[in-house]
Amino acid sequence: QVQLEESGGGLVQAGGSLRLSCAASGRTFGSMGWFRQALGKEREFVAFIKWSGGSPVYAASVKGRFTISRDNAKNSVYLQMNNLKPEDTAIYYCAAEVGYGSSWAGDYDYWGNGTLVTVSS
């Protein structure tokens, strides 16, 4: 049974940092990514990273502030979020796919339950 479990969300002031973690179990994947969904909005792409290496891909809104990384030995992916802004407030979801990475949510086969990030102004 495949499971993705996120952790690390919380409340932080604008300009602060948080680090999200996602531990995967049940199989290995071709790539893993992070998406987020703010209240009343559609789910949007944040970043993805291939398991085999190569440069990560970021949404323009987070590039330069967020860093995605992976630990193959732990089958885990991380999202370091710096210089957080109130507009980053959302539920953040970890996702995994057997392919080569995508910014489209429909390409992902497995999803975690999400972790809430709240950024106060």
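The structure reproduced in this document is the subject of the present report. On a predicted model such as this, the values are computed, not experimentally measured, just so you know.

Looking only at helices and strands, one finds zero helices and eleven strands in the protein chain. Counting from the amino terminus, the protein chain carries its helices and strands in the arrangement β-β-β-β-β-β-β-β-β-β-β. Computed over its C-alpha atoms, the radius of gyration of the protein chain comes to 13 Å, within 12% of the 14 Å expected for a compact globule of 121 residues. A principal-axis box enclosing the C-alpha atoms of the protein chain has dimensions of 40 × 25 × 25 Å. Here the protein chain holds 121 residues, and 42% of them are scored as buried. Taking the intrachain contacts of the protein chain between residues at least 6 apart in sequence as the baseline, contacts between residues at least 24 apart amount to 57%.

Spatially, E1-E3-E8-E7 is the arrangement adopted by the four strands of the open sheet, whose pairing is antiparallel. Here the strands that pair on one side only, and so sit at the sheet edges, are strand E1 (3-7) and strand E7 (66-71). In this sheet, neighbouring strand axes are inclined to one another by 15 degrees on average, regardless of whether the strands run parallel or antiparallel. As paired elements, E1 and strand E3 (residues 18-25) share five bridges and run antiparallel to each other. If you follow Ser7 over to E3, its bridge partner there is Ser21.

For the rest of this paragraph, the subject is the environment of Asp71. Summarising the element assignment, Asp71 is placed in strand E7. Asp71 gets classed as partly exposed once you look at its relative accessible area, which sits at 24%. A sequence separation of 39 residues divides Asp71 from Tyr110, and the C-alpha atoms of the two residues are 18 Å apart. Those residues in contact with Asp71, other than ones at most four positions away along the chain, are Trp51, Ser76 and Tyr78.

Below, the discussion takes up the state of the cysteines. Counted according to the given criterion, the structure contains one disulfide. Note on cysteine connectivity: Cys22 is disulfide-linked to Cys94, with sulfurs 2.0 Å apart. For the disulfide bridge between Cys22 and Cys94, the dihedral angle about the S-S bond is near -80 degrees, and by the sign convention the bridge is left-handed. Remark: Cys94 occurs in strand E9 (residues 90-97) and Cys22 occurs in strand E3; sequence separation between them is 72 residues.

Parameters and conventions
- Residues numbered from 1 in each chain as written.
- Predicted model: local features only at pLDDT ≥ 70, side-chain atom pairs only at ≥ 80, totals over all residues.
- Heavy atoms only, no water.
- Helix = DSSP H or I, 4+ residues; strand = E, 2+ residues; numbered from the N terminus.
- Rg over C-alpha atoms; globule rule 2.2 N^0.38 Å.
- Buried < 20%, exposed > 50% of the residue type's maximum accessible area, 1.4 Å probe, protein only.
- Contact = heavy atoms within 4.5 Å.
- Pairing = 2+ DSSP bridges.
- Axes fitted to C-alpha atoms, helices over the stretch in contact; angles between N-to-C directions.
- Disulfide = S-S within 2.5 Å.

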